[in-house]
Amino acid sequence: MHTFRRFSSQLCVKLPRRLVKHPLSVKRCMLSSENPSDMLAMQSAKIPKGILGQPTCHTHPHMIPSGQLTCGITQQEYKERRDNLVAKLLEESVHIHKSHIIIIPAACKQYMSDKIPYVFRQNSDFFYLTGCLEPSAILVMVKPVLEDSYKSILFVHEKDSHAELWEGPRTGCSHAATLFGVDEARPVENFNNFIHRIVSSYKPGVVWYQNESPPNPGIHDSVRSALRIGHVSLDEPLTSLHQLRVVKSAAEVELMKETCFIGSQSVNLAMACTKPGISEHAVSAVLEYSCRMAGAEHGAFPPVVAGGPRATHIHYVANNQILNDGDMLLVDSGSQRWLYNSDISRTWPVSGRFSKHHRILYELVLTVQKRLIELLREQRPPLDQLFDHMCRLLGTHLQQEGILPKNIDSNDLIGKAYRLCPHHVSHYLGLDVHDAPLVRRRVPVRTGMIVTVEPGIYIRPDDKSVPPEFRGVGIRIEDDVLITDSDPLVLTDACVREVDDIEAIVGKQSI
Ligand code: GLY
Ligand code: MN
Ligand code: MN
């Protein structure tokens, strides 16, 4: 299976037999048709042949199966996403007797210095609607008031042999409409004139545009000046878009299973490579190497590799100390594959054996985490409510272990637990690590959402409110969970989590 299976099997840690889990299904999504192979052939025929500005099923068959625009996702699915967004904006808008113009810009290239680029990361909102990986492209959808349908126009960089000499091939306007399945493709240079003309011709209108923190500052002035034409109002499209993004399609669930499996195996490998004397830096290199070799583009974010008391700094990413016997190691890491992310935390003893007090704390967090996953099934609570559950559970268990005092009331207990775990217990996960951020965590979870469950305890070395033997330790356990109509599915299930299983693999692989 396209890169993923080939490499992942080579990099699997040799787990004891009882721990070997079957890789989650990596079968690529099939199209819903009576004759899937005909449908796939039809879809493939729509993808232009030849070298374009991004991998295609023709030029990169090892990355993209036949019939798909990007790995796992067809042109048809991207079109349905655009249809759904337009329908949702119109449905929720008070402006029924106006034209609607929706502008979703791609991300721009970012530079380290002078002409030295960072690795490009596409804007997730734009990618979700187009599958296009080109920097500074722009998707515009125009729905005139008197028409039933809308038109999709993609602005891309026109072919240019000088620019392509430096930066690589471009798709260009002649192929972009066919490749991305939009109605028209135009050169980005024409966007300014286009938007002024379209806003003038279709007023009164509503322009849907991300006005705060715009992803492409280069077109911001054009949009702002078009808005001054008159009889046109501004609204923001992302709240509705994120409500679509937060519920994953069957094809997205397959991609999430893959990235979660890759992330899980990379953390297992990091665990197996851990021993006293190696550096946090080396563990972080193992994470990155194993993710990439298994088919990820790169890690999902700079990982936390925090030994001993450094784990009490929640966003520790310096990763530059040596790991000592007797320390616990907290790792928070994930992989990005076809822009879909996993997000996993595990904590294990550097020596491979939990000390008595580390084991008490670890099992306490694990018990809380398991109960929170059960609560997702029993109550389908909003994530904010899951956080309240976490504080209550942590407080109660810490009290039972004698780590928090017995003589405090329940509000005080929850307050103290919150002080020991000051981050949220969950967020949505998908194309962004903190996915669909405009969807409130006050809404109940729904089938098709993928959420993290990540309780932790961080006890500073100088925290006099807990017994000394528990100080200077940070523990977090984080899994990625798909909400289904029945039991929630832990997509990161392949990542070792039980005490005995951790002890069975730490230090078992040399690097
Ligand atoms: N790795 C970031 C988070 O867990 O939210
Ligand atoms: Mn997380
Ligand atoms: Mn995390």
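The shown structure was predicted, so the numbers you read here are calculated from the model rather than taken from an experiment.

Trainee: Can you break down the overall build of the protein residue by residue, with the values?
Mentor: A count of helices and strands for the protein gives 15 helices and 19 strands. Radius of gyration (C-alpha) of the protein: 25 Å, near the 24 Å computed for a compact globule of 511 residues. In terms of overall dimensions, the protein has C-alpha extents of about 70 × 55 × 50 Å along its principal axes. Taking all 511 residues of the protein together, 56% fall into the buried category. For the protein, contacts bridging at least 24 residues in sequence account for 71% of all contacts bridging at least 6.

Trainee: Which residues make up the side chain of Gln122, and what values do they have?
Mentor: In this structure, Gln122 sits in the loop between strand S3 (116–117) and helix H4 (124–130). In this structure the side chain of Gln122 is engaged in a polar contact, spanning 3.0 Å, whose partner is the backbone oxygen of Cys132. Within polar-contact distance, the side chain of Gln122 engages the backbone oxygen of Glu134 at 3.0 Å. Leave out the neighbours within four places in its chain, and Gln122 touches Ala106, Ala107, Phe127, Cys132, Leu133, Glu134 and Leu339.

Trainee: Give me helix H8 (residues 220–227): which residues, what numbers.
Mentor: Listed in full, the buried residues belonging to H8 are His220, Ser222, Val223, Ala226 and Leu227. Here the buried residues of H8 occupy an arc of 165 degrees about the axis, which is enough to place them on one side.

Trainee: How would you summarise the pattern of salt bridges if you had to cite specific residues and measurements?
Mentor: A complete count under the given rule lists 27 salt bridges for this structure. Arg377 is paired through a salt bridge with Asp487; the nearest N and O atoms lie 3.4 Å apart. Remark: Asp487 occurs in the loop between strand S18 (479–482) and strand S19 (489–490) and Arg377 occurs in helix H12 (residues 356–379); sequence separation between them is 110 residues. Of the residues examined, Asp487 reaches a relative accessible area of 48% and is grouped as partly exposed. Linked through salt bridges whose partners overlap, the residues forming this network are Asp125, Arg245, Lys248, Asp432 and Asp435.

Trainee: With reference to specific residues and values, describe the coordination of the manganese ion (ligand 3).
Mentor: Those donors, Asp332 (OD), Asp332 (OD), Asp343 (OD) and Glu478 (OE), are the protein atoms that reach the manganese ion (ligand 3), and they lie 2.1 to 2.4 Å from it. The coordination sphere of the manganese ion (ligand 3) comprises six donor atoms, whose angles at the metal cover 56 to 171 degrees; the geometry is irregular. Sequence positions of the donors to the manganese ion (ligand 3) reduce to the motif D-x10-D-x134-E. Separating the manganese ion (ligand 3) from the manganese ion (ligand 2) is a distance of 3.3 Å, and Asp343 supplies a donor atom to each of them. Residue Asp332 is located in strand S11 (residues 328–333), and its partner Glu478 is located in the loop between strand S17 (473–476) and S18; the two are separated by 146 residues in the primary sequence. Note on Asp332: relative accessible area 10%, which makes it buried.

Trainee: A description of the site of ligand 1 should follow, citing residues and the corresponding values.
Mentor: Close to ligand 1 lie Phe301, Asp332, Asp343, His427, His434, Glu454 and Glu478, which account for all nearby residues. Within the contact set of ligand 1, a nitrogen atom lies 3.1 Å away from a side-chain nitrogen or oxygen of Asp332. Note that an oxygen atom of ligand 1 is positioned 3.1 Å from one of the side-chain N or O atoms of Asp343. About the coverage of ligand 1: the protein hides 81% of its 200 Å² of free accessible area. If you map ligand 1 onto the pockets, it falls in the second largest pocket. Residues of the shell around ligand 1, tallied by class, amount to one nonpolar, two polar and four charged.

Trainee: Tell me what's going on with the coordination of the manganese ion (ligand 2), and back it up with residues and numbers.
Mentor: Protein-derived ligands of the manganese ion (ligand 2) are Asp343 (OD), His427 (NE2), Glu454 (OE) and Glu478 (OE), with the metal-ligand distances lying across 2.0 to 2.3 Å. For the manganese ion (ligand 2), the six donor atoms are set out with angles of 51 to 158 degrees between them, so the coordination reads as irregular. Summarised as a motif, the one-chain spacing of the donors to the manganese ion (ligand 2) is D-x83-H-x26-E-x23-E.

Trainee: Now, about empty space enclosed by the protein: what can you tell me, with residues and values included?
Mentor: Counted by the stated rule, this structure contains three cavities of 30 Å³ or more. For the largest cavity, the calculated volume is near 50 Å³. Lining the largest cavity we find Ser284, Leu287, Glu288, Cys291, Gly299, Phe301, Pro303, Ser333 and Gly334. Per element, the largest residue contribution to the lining of the largest cavity is four residues, and it comes from helix H11 (residues 280–293). In the lining of the largest cavity, the residues fall into four nonpolar, four polar and one charged.

Trainee: Summarise the sheet that holds strand S12 (residues 335–337); cite the residues concerned and give the values.
Mentor: On the basis of which strands lie adjacent, the open sheet formed by three strands has the order S9-S12-S13 and antiparallel pairing. Since the sheet does not close on itself, it has two edges, and those belong to strand S9 (298–299) and strand S13 (340–341), each with one partner. Here S12 runs beside S13; their pairing, made up of two bridges, is antiparallel. If you follow Arg337 over to S13, its bridge partner there is Tyr340. Relative to the sheet, helix H10 (residues 250–273) contacts S12 and S13, its axis offset from that of S12 by approximately 145 degrees.

Quick notes on the rules
- Residues numbered from 1 in each chain as written.
- Chains lettered and ligands numbered in written order.
- Predicted model: local features only at pLDDT ≥ 70, side-chain atom pairs only at ≥ 80, totals over all residues.
- Heavy atoms only, no water.
- Helix = DSSP H or I, 4+ residues; strand = E, 2+ residues; numbered from the N terminus.
- Rg over C-alpha atoms; globule rule 2.2 N^0.38 Å.
- Buried < 20%, exposed > 50% of the residue type's maximum accessible area, 1.4 Å probe, protein only.
- Contact = heavy atoms within 4.5 Å.
- Polar contact = N/O pair within 3.5 Å; in protein donor to acceptor, adjacent residues only side chain to side chain.
- Arc of directions from axis to C-beta.
- Salt bridge = Lys/Arg side-chain N within 4 Å of Asp/Glu carboxyl O.
- Donors = N, O, S within 2.8 Å, 3.2 Å for Na, K, Ca; no water.
- Tetrahedral: all angles 85-135°; square planar, octahedral: opposite > 155°, others 65-115°.
- Near = heavy atom within 4 Å.
- Areas by Shrake-Rupley, 256 points an atom, 1.4 Å probe, with all protein chains shown as cover.
- 1 Å grid on protein atoms, 1.4 Å probe; cavity = no way out; pocket = protein on both sides within 12 Å on 5 of 7 lines; lining within 4 Å.
- Sits in = over half its atoms within 2 Å of the grid points.
- Nonpolar A, V, L, I, M, F, W, Y, C, P; charged D, E, K, R; others polar.
- Points joined across faces, edges and corners; volume = space filled by probe spheres on them.
- Pairing = 2+ DSSP bridges.
- Axes fitted to C-alpha atoms, helices over the stretch in contact; angles between N-to-C directions.

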